[in-house]
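Chains, contacts and geometry: an overview
This is what each chain is made of:
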Amino acid sequence: MNEYEEITELYDSIMRHKKAVITIPPFSSFVYSDKVRKPNVFYVSELPYCVTKIYFHLKYNMQVINNAVIYGRLCHQLLPNLAYECSCYNNAQFEVRVVYNYDKFIIHGYSDVVLKDSIDEWKFTDKSIINRDDNSDNNNNSNNNNNSNNGNNNRQINIINADSIIHKRNKITAYLMQANEYAYILNKPKYRVIHVYNNALNVYKGNTNDIWHNKLMNKIELIYNHFINDKIPDMPPEFKFECKNCPYLSICPNKINYNNNDDNQ
Ligand code: SF4
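What this report covers is the structure whose coordinates are included nearby. Here the structure is a predicted model, which means the values were calculated and not measured.

1. A few points about the overall build of the protein chain
Within the protein chain, the secondary structure is distributed over six helices and eight strands. Reading the protein chain from its N terminus to its C terminus gives the helix and strand order α-β-α-α-α-β-β-β-β-β-α-β-β-α. Taking the contacts inside the protein chain whose residues are at least 6 apart along the sequence as the reference set, 69% of them involve residues at least 24 apart. Accessible surface, the protein chain as shown: approximately 13,400 Å² in total, 48% of it carbon and sulfur.

Shown next as structure tokens:
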């Protein structure tokens, strides 16, 4: 089975199980057990984003739960089903707890899928696979290096070289940085970000690098130093889109105007 066939198998499997997303888990599933924040503890999933936002998270001991977070966590419950149906996941580990010690800091996270030489980070765009008409048009991503449509219910499998889109600085860049960090901590040379849409699967393949890891560690030190000095960082957001839905928009001195076109730049 080649890579395209393996990814097609993943797509078909996730679509077979999508109705299971509406199964309600115990409420505790939405709350981290270690939810009381310590200023030296950070989460991989937040590190690619705005340093001012993370600073406010620390200052106000916030754990932001919103529509996208709840939806994403529900969708991630589908992943273990794939172990039985997809050959590339037969020996996979799911939701692997990741801990990394750096100087006085502790970085936590959960890696979605850990394979022999790589990790997979799954991203479910809000409303991407449920609450959608199965015939709806979707996924106009134009970054495809390997775009194929098999003529079967308009399904698209797009395999994309992550290095080719790093310069774009959009949401995908943040996902790549997150996946790279899991792979770095777990000492895996490769990672993939698998972005699910109703009728498409975009797979971004990357080689693990220490440049992004070092960047995230520098951010941690900057945030921590500002926190202990009770000083708001004087930095713009990492990505233009972040301010749009930021819970700190009304109090933040670093907010910038957002243009919806920035999502696709
Ligand atoms: S409003 Fe923008 S700059 Fe300020 S914390 Fe939020 S994302 Fe960062």
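So, next bit.
2. Focus: the environment of phenylalanine 94
Mapped onto the elements of the fold, phenylalanine 94 is located in strand β2 (residues 93–102). When the C-alpha positions of phenylalanine 94 and valine 114 are compared, they lie 6.4 Å apart, and in sequence the two are 20 residues distant. Sequence-distant contacts of phenylalanine 94, that is, excluding residues within four places in its chain, are made with Leu79, Pro80, Ala83, Tyr89, Ser111, Asp112 and Val113.

3. Comments concerning the pattern of salt bridges
For the structure on display, the rule yields 11 salt bridges. The closest approach of N and O atoms between arginine 37 and glutamate 46, which form a salt bridge, is 2.8 Å. Comparing arginine 37 with glutamate 46 shows no difference in burial state: the two are buried. The salt bridge involving lysine 123 is made with glutamate 121; its shortest N-O contact spans 3.2 Å. Glutamate 121 shares its class with lysine 123; the two are buried.

4. Details of the packing of aromatic side chains
Taken as a whole and judged by the stated rule, the model has 13 aromatic pairs. Aromatic side chains phenylalanine 42 and phenylalanine 105 sit 6.2 Å apart centroid to centroid with 65° between the ring planes, which places their arrangement in the edge-to-face category. A residue pair is termed long-range when its members are at least 10 positions apart, and phenylalanine 42 in strand β1 (residues 41–43) and phenylalanine 105 in strand β3 (residues 105–114) qualify at 63 residues. The exposure class assigned to phenylalanine 42 is buried, which follows from its relative accessible area of 0%. By relative accessible area, phenylalanine 105 is classed as buried at 2%. An aromatic cluster is built from Phe42, Tyr102, Phe105 and Tyr224, whose rings are joined through pairwise contacts. The residue whose ring lies beneath lysine 171 is phenylalanine 241, and the NZ or CZ to ring-centre distance is 5.4 Å.

5. As for unusual backbone geometry
The phi dihedral of aspartate 103 falls on the positive side, at around 55°, and the residue is not glycine. Tracing the chain through its elements places aspartate 103 in the loop between β2 and β3. Judged by its relative accessible area of 62%, aspartate 103 is exposed. For aspartate 230, which is not glycine, the phi dihedral falls at a positive 50°. Within the secondary structure layout, aspartate 230 lies in the segment after α6 (210–228). Taking relative accessible area as the criterion, aspartate 230 reaches 54% and is therefore assigned exposed.

6. Let's talk about the packing of helix α5 (residues 171–185) against α6
At a minimum axis separation of 9 Å, α5 and α6 run at an interaxial angle of 95°. Considering the angle they form, α5 stands roughly perpendicular to α6. The segment α5 lies against α6, with Thr173, Leu176, Met177, Asn180, Glu181 and Tyr184 engaging Asp210, Trp212, His213, Lys215, Leu216 and Met217. Residue composition of the contact of α5 with α6, grouped by class: six nonpolar, three polar and three charged.

7. Quick notes on the packing of helix α2 (residues 51–60) against α6
Where α2 meets α6, the closest approach of the two axes is 10 Å, and the angle between their N-to-C directions is 45°. Comparing their axes, α6 and α2 come out oblique. Helix-helix and strand crossings are classified by hand; for α2 and α6 the assignment is right-handed. Along its contact with α2, which presents Val51, Ile54, Tyr55, Leu58 and Lys59, the element α6 presents Lys219, Leu222, Ile223, His226 and Phe227. Class assignment of the residues belonging to the contact of α2 with α6 gives a composition of seven nonpolar, one polar and two charged.

Scoring rules and cut-offs
- Residues numbered from 1 in each chain as written.
- Predicted model: local features only at pLDDT ≥ 70, side-chain atom pairs only at ≥ 80, totals over all residues.
- Heavy atoms only, no water.
- Helix = DSSP H or I, 4+ residues; strand = E, 2+ residues; numbered from the N terminus.
- Contact = heavy atoms within 4.5 Å.
- Areas by Shrake-Rupley, 256 points an atom, 1.4 Å probe, with all protein chains shown as cover.
- Salt bridge = Lys/Arg side-chain N within 4 Å of Asp/Glu carboxyl O.
- Buried < 20%, exposed > 50% of the residue type's maximum accessible area, 1.4 Å probe, protein only.
- Phe/Tyr/Trp six-rings, centres within 6.5 Å; stacked < 30°, edge-to-face > 60°.
- Lys NZ or Arg CZ within 6 Å of the ring centre and 35° of its normal.
- Axes fitted to C-alpha atoms, helices over the stretch in contact; angles between N-to-C directions.
- Parallel < 35°, antiparallel > 145°, perpendicular 65-115°, else oblique.
- Nonpolar A, V, L, I, M, F, W, Y, C, P; charged D, E, K, R; others polar.
- Left-handed = near helix turned anticlockwise from the far one by under 90°.

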